[in-house]
Amino acid sequence: MATIPVQDLGSLTDNSDTAQTTNAYTVKTGYYRFINTDSHSNHFAWGGAPDVTTDMVVHVPVNGAEVFKLTKPKAAKIAGATAANPCVLTLDTPNQQTNIVVGDYVTISGADVSGYNFSHKEVTAVDPVTGAITIDADASALAAFTGTAFARNSIKIQAKGDSTNGMTMYINEVQIEG
């Protein structure tokens, strides 16, 4: 199986056994390559607000590299947003459903009013009829929404070494080829 790099999420490093978390990244393929350069295994959790102490974790073997499918890309084209708290996003096609669900985290991009370009906000409701998405974001001080934007799911990855000797883990989102 060959992989094509899509985006570099950088490295998570620590000199003890403290969990380290990436920034939020918009999901492009959902496939992630983890490279453990340590002489002991490391483990990770993923999601909107991952916690390696309570979430399901996956171990990456000693000096190993593994590819995991963690999620799938989700997106919705946004035609409107309320200047309110919480902010409600209106889809560009009325009564259209979306694959974004409550509990997902989304990043908004492309809004003409830049304040609506939110990063990694939790979805707290999805209207079953209109598909409108409510996010945990305060837009009450913003000007009226204009133009269109896209809401795409985003995740964070949290990792921790399996010993007090720390960890060094490199993470890339990849595309699978072949």
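First, a word on what this report is: a plain description of the structure on this page. Source: prediction; values computed, not measured.

On to the side chain of S154. By the element assignment, S154 lies in strand β13 (residues 149–161). A relative accessible area of 3% means that S154 is categorised as buried. Reaching out from S154, the side chain makes a polar contact with the side chain of T107 at a distance of 3.1 Å. Polar side-chain contacts of S154 include one of 2.8 Å to the side chain of H120. Non-local contacts of S154, meaning those with residues more than four positions away in its chain, are made with Y25, T26, V27, Y105, V106, T107 and H120.

Let us now look at the sheet that holds strand β4 (residues 31–36). Taken in spatial order, the four strands make up an open sheet running β1-β14-β4-β7, and their pairing is antiparallel. Since the sheet does not close on itself, it has two edges, and those belong to β1 (2–14) and β7 (65–69), each with one partner. If you compare each strand with its neighbour and ignore which way they point, the axes differ by 25° on average. In the sheet, β4 pairs with strand β14 (residues 167–177) via six bridges, with the strands oriented antiparallel.

As a further point, take the pattern of salt bridges. A full pass over the atoms with the stated rule returns one salt bridge. The residue K74 makes a salt bridge to D104 at a minimum N-O spacing of 2.9 Å. Remark: D104 occurs in the loop between β9 (87–91) and β10 (105–109) and K74 occurs in the loop between β7 and β8 (75–81); sequence separation between them is 30 residues. Accessibility classification places K74 together with D104 in one group, the buried group.

Going through the model one piece at a time under the given rule, you end up with six aromatic pairs. With 5.8 Å between their ring centres and 45° between their planes, F44 and W46 make a pair best called tilted. Residue classification places F44 among the buried residues on the basis of a relative accessible area of 0%. A residue is classified by how much of its surface remains accessible, and W46, at 23% relative accessible area, is partly exposed. Ring centres of Y116 and F118 lie 6.5 Å apart, and the angle between their planes is 85°; on these two criteria the pair is classed as edge-to-face. The pair formed by Y116 and F118 is uniform in burial state, with each residue classed as buried. Taken together, F34, F44, W46 and F68 form an aromatic cluster joined through their ring pairs.

A separate point is the nonpolar core. If you look at the biggest cluster of nonpolar residues, it comprises 21 residues, and the most contacted ones within it are C87, L89, Y116 and I135. Counting only elements with at least two residues in this core, the list comes to β8, β9, β10, β12 (133–135) and β13. Those residues within four positions of I135 in sequence are excluded, and the remaining contacts are P86, C87, L89, V106, I108, F118, K121, E122, V123 and T124.

Let us look at the pairing of β4. Consecutive side chains of a regular strand alternate in pointing toward one face of the sheet and then the other. In the sheet, β4 pairs with β7 via five bridges, with the strands oriented antiparallel. If you follow I35 over to β7, its bridge partner there is A65.

What follows deals with unusual backbone geometry. That bond from N85 to P86 is cis: its omega, 5°, falls within 30 degrees of zero. Residue position: P86 is located in the loop between β8 and β9. Even without being a glycine, N63 presents a positive backbone phi close to 45°. Within the secondary structure, N63 is located in the loop between β6 (58–60) and β7. Residues other than glycine seldom take positive phi values, yet H120 does so here, at roughly 55°. By secondary structure assignment, the location of H120 is in the loop between β10 and β11 (121–126).

So, about the pairing of β10. The buried count for β10 comes to four of five residues, which makes it a mostly enclosed element. Bridging between β10 and β11 involves two bridges; their strand directions are antiparallel. By the bridge assignment, V106 is partnered in β11 with K121. Here four bridges tie β10 to β13, and the two strands are oriented antiparallel to one another. In the sheet register, S109 faces β13, and the bridge partner there is F150.

Analysis parameters
Residues numbered from 1 in each chain as written. Predicted model: local features only at pLDDT ≥ 70, side-chain atom pairs only at ≥ 80, totals over all residues. Heavy atoms only, no water. Helix = DSSP H or I, 4+ residues; strand = E, 2+ residues; numbered from the N terminus. Buried < 20%, exposed > 50% of the residue type's maximum accessible area, 1.4 Å probe, protein only. Polar contact = N/O pair within 3.5 Å; in protein donor to acceptor, adjacent residues only side chain to side chain. Contact = heavy atoms within 4.5 Å. Pairing = 2+ DSSP bridges. Axes fitted to C-alpha atoms, helices over the stretch in contact; angles between N-to-C directions. Salt bridge = Lys/Arg side-chain N within 4 Å of Asp/Glu carboxyl O. Phe/Tyr/Trp six-rings, centres within 6.5 Å; stacked < 30°, edge-to-face > 60°. Core = buried A, V, L, I, M, F, W, Y, C linked by side-chain atoms within 4.5 Å.

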